[in-house]
Amino acid sequence: MTVANEPTRYTVTQILLHWTIAVLVVLQLVIGEDIKPAYRAFSRGTEPAAPDIFNANVHVYVGLAVLVLATWRIAIRLRHGVPAAPAEESVLQKRIAAAAHFLLYLFIFGMPITGVMAWYFGFGAMGTLHELAKPVIIIVVGLHAAAALWQHFFVKSDVFVRMLRPAGRRAR
Ligand code: HEM
Ligand code: HEM
C-alpha cells in the first residue's frame, strides 16, 4: 500500500500490538491441543468434563483477543502505514519479507475465523484447516523471527530495532 506520508518508524501502539499478538499466538500454538477433548465431546453430543471446558474457554478467548487486536492493528496500518523495507535490500528480499508479513496477517485473521467456524458453527472442515495450519505457522513464524535476528546481528540493519523502539524516539 502506498501511504502519502510514509513513516520511518512504527508507533508505540504498533509495537505493543506486534509483541502482544506474538506472545498470544505462540501461547495458542502451545496450548492449542487443550481444546480438543471438549471439542470432541461437543462433536459427539456429550458433556465435556469441567477442566476440559475451562481449557477450551482459555483457547477460545485468547484466540478471539488475537482477532480483536489484529483488527486494531490493520486499522492503524491503513491509517499510519509502516516503514519501508531498508533501501539496501534487493527486490527479492523485499518481496520475501512482504510475502512473509502477508502470511502472518493471514494467520492472525484466519486462525480465529476458522476456529470460530469450527467451535461455534460446527464446520468440521474448518477445524481441520485450523489444525493443518499449525505446522505452517510454526515454520513461517520461525523463519520470520530468524530473519529479524539475522538482520540485526549479521546485516546490522535497523529492522529489528524499529520493532522495539517507537516513532518519536531518536534512533542512535
Ligand atoms: C491466533 C489464534 C489461534 C491459534 C494460533 C490457534 C491454534 C490452534 C492449535 C495449534 C490447535 C491444535 C491443533 C493440533 O494440535 O492439531 C487448535 C485447535 C483448535 N482451535 Fe484454535 N487457535 C486459534 C484461535 C481459535 C479460536 C478463536 C477458536 C474458537 C473460537 C479456536 C478453536 C479451535 C478448535 C475447535 C480446535 C480443535 C480443532 C479440531 O480438533 O479439529 N481456535 N488451535
Ligand atoms: C517471536 C519472535 C518474533 C520476532 C523476533 C519478530 C520480529 C519482527 C520485526 C523485527 C518486524 C519488523 C519488520 C520490518 O519492520 O520490516 C516484524 C514485523 C511483523 N511481524 Fe513479527 N516477530 C516475531 C513474531 C511474530 C508473530 C508470532 C507474528 C504473528 C503471527 C508476527 C507478525 C508480524 C507482522 C505481520 C509484521 C509486519 C508488520 C507490518 O509491517 O505491518 N511476528 N516482526
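Structure: above.
Sequence order as written defines the numbering, with residues in each chain counted from 1. Chains and ligands are labelled by the order in which they are written, letters from A for the one and numbers from 1 for the other. Local features are withheld for residues below a pLDDT of 70 in this predicted model, meaning they are given only at 70 or higher, and side-chain atom pairs are given and counted only at 80 or more; totals for whole chains, interfaces and linings count all residues. Side-chain numbers here rest on the full set of heavy atoms in the structure, without hydrogens or water.

(A) The arrangement of helix 4 (residues 91-121) in detail. With 31 residues, helix 4 should reach 45 Å at 1.5 Å per residue; the first-to-last C-alpha distance of 43 Å fits that figure. Note that bend, as reported per residue, equals the angle between axes fitted to the 7 residues terminating at that residue and the 7 residues originating from it. Only DSSP runs of H or I covering at least 4 residues are called helices, and only runs of E covering at least 2 are called strands; the numbering of each starts at the N terminus. Where helix 4 bends most, at G110, the angle is about 25°, and the proline P112 comes one to four residues later. Only protein chains enter the area calculation, which uses a 1.4 Å probe; residues under 20% of their type maximum are buried, those over 50% are exposed, and those in between are partly exposed. Regarding helix 4, the residues found buried are L104, Y105, F107, I108, M111, P112, T114, G115 and A118. Whether two residues are in contact is decided by their heavy atoms: any pair within 4.5 Å suffices. Contacts from the buried residues of helix 4 go to helix 1 (12-31), helix 2 (36-44), helix 3 (50-80) and helix 5 (124-155). Positive backbone phi, approximately 70°, marks G122, located one or two places after helix 4. To estimate how far a helix should reach, multiply one less than its number of residues by 1.5 Å.

(B) Representation of the packing of aromatic side chains. Stacked, edge-to-face and tilted are the three classes for Phe, Tyr and Trp ring pairs, Trp counted by its six-membered ring, which pair at centre distances within 6.5 Å; planes under 30 degrees apart are stacked, over 60 edge-to-face, the rest tilted. Within this structure, the stated rule accounts for two aromatic pairs. Measuring from centroid to centroid gives 5.6 Å for F42 and W119, while their planes differ by 80°, and the two rings are edge-to-face. Taken as a pair, F42 in helix 2 and W119 in helix 4 lie far apart in primary sequence, 77 residues in all. Classification of F42 as partly exposed rests on a relative accessible area of 43%. Judged by relative accessible area, W119 falls into the partly exposed class, the value being 22%.

(C) Structural context of the site of ligand 1. Distances are taken per atom, and a residue is near a molecule or strand as soon as one of its heavy atoms is within 4 Å of it. Among the 23 residues in the neighbourhood of ligand 1, the closest are listed as E33, I35, R40, H59 and H130. In this structure, an oxygen atom belonging to ligand 1 sits 3.3 Å away from a side-chain N or O atom of K36. Site definitions follow a grid-based scheme: protein atoms alone, a 1 Å grid, a 1.4 Å probe that fits but cannot get out for cavities, and for pockets an open set with protein on both sides within 12 Å along at least five of seven lines, plus lining residues having an atom within 4 Å of a point. A molecule is said to be in a cavity or pocket once over half of its atoms fall within 2 Å of that pocket's grid points. Assessed atom by atom at 2 Å from the grid points, ligand 1 resides in the second largest pocket. Within the residue set of the shell around ligand 1, elements represented by two or more residues are helix 1, helix 2, helix 3, helix 4 and helix 5. Sorting elements by how many residues they give to the shell around ligand 1 places helix 4 first, with six residues. By the convention adopted, Pro, Cys, Tyr, Trp, Phe, Met, Ile, Leu, Val and Ala count as nonpolar, Lys, Arg, Asp and Glu as charged, and the other residues, Gly among them, as polar. Of the residues that constitute the shell around ligand 1, the class distribution is eleven nonpolar, seven polar and five charged. Pairs of N or O atoms within 3.5 Å make up the polar contacts considered here, provided that, within protein, one atom can donate a hydrogen while the other can accept it, and that residues adjacent in sequence are counted only when both atoms are side-chain atoms.

(D) Structural view of the site of ligand 2. Around ligand 2 sit 19 residues, and of these H18, R77, Y105, H144 and R162 come closest. In this structure, R77 approaches ligand 2 through a side-chain N or O atom, which is 2.6 Å from an oxygen atom. Here R162 contributes a side-chain N or O atom positioned 2.8 Å from an oxygen atom of ligand 2. Among the elements of the structure, helix 1, helix 3, helix 4 and helix 5 are those that each provide at least two residues to the shell around ligand 2. Broken down by class, the residue content of the shell around ligand 2 amounts to 13 nonpolar, three polar and three charged.

(E) Summary view of the coordination of the iron atom of ligand 1. Any nitrogen, oxygen or sulfur atom within 2.8 Å of a metal ion counts as a donor, with the limit raised to 3.2 Å for Na, K and Ca, and since water is left out, coordination shells can look unfinished. The protein atoms that coordinate the iron atom of ligand 1 are H59 (NE2) and H130 (NE2), at distances spanning 2.0 Å. Between 85 and 135 degrees for all angles marks four donors as tetrahedral; over 155 degrees for opposite donors together with 65 to 115 for all other angles marks four donors as square planar and six as octahedral; every other arrangement is irregular. Coordination at the iron atom of ligand 1 comes from six donor atoms whose angles at the metal span 85 to 180°, giving a geometry best classed as octahedral. Of this pair, H59 sits in helix 3 while H130 sits in helix 5; the two residues are 71 residues apart in sequence, bridging distant segments of the chain. Assessed through its relative accessible area of 10%, H59 is described here as buried.

(F) Focus on the pattern of salt bridges. The term salt bridge refers to a side-chain nitrogen of Lys or Arg lying within 4 Å of a carboxyl oxygen of Asp or Glu. Per the stated rule, a full pass over the model turns up three salt bridges. R9 is the partner of D158 in a salt bridge, and the nearest nitrogen-oxygen pair spans 3.9 Å. With D158 in the segment after helix 5 and R9 in the segment before helix 1, the pair connects residues that are 149 residues apart, well separated along the chain. Judged by relative accessible area, R9 falls into the buried class, the value being 9%.

(G) Spotlight on the packing of helix 1 against helix 3. For helices, the fitted line uses only the C-alpha atoms of the stretch in contact; every axis is such a line through C-alpha atoms, and the angle between N-to-C directions lies from 0 to 180 degrees. At a closest axis distance of 10 Å, the pairing of helix 1 and helix 3 adopts a crossing angle of 150°. On the basis of their axis angle, the class for helix 1 and helix 3 is roughly antiparallel. In the crossing of helix 1 with helix 3, the sense of the turn from one axis to the other is left-handed. Taken together, the residues that form the contact of helix 1 with helix 3 break down as 14 nonpolar, eight polar and two charged. Orientation categories follow fixed angle ranges, with anything under 35 degrees roughly parallel, anything over 145 roughly antiparallel, 65 to 115 roughly perpendicular, and all other angles oblique. Crossing handedness follows the turn of the near helix against the far one: under a right angle anticlockwise gives a left-handed crossing, and clockwise gives a right-handed one.

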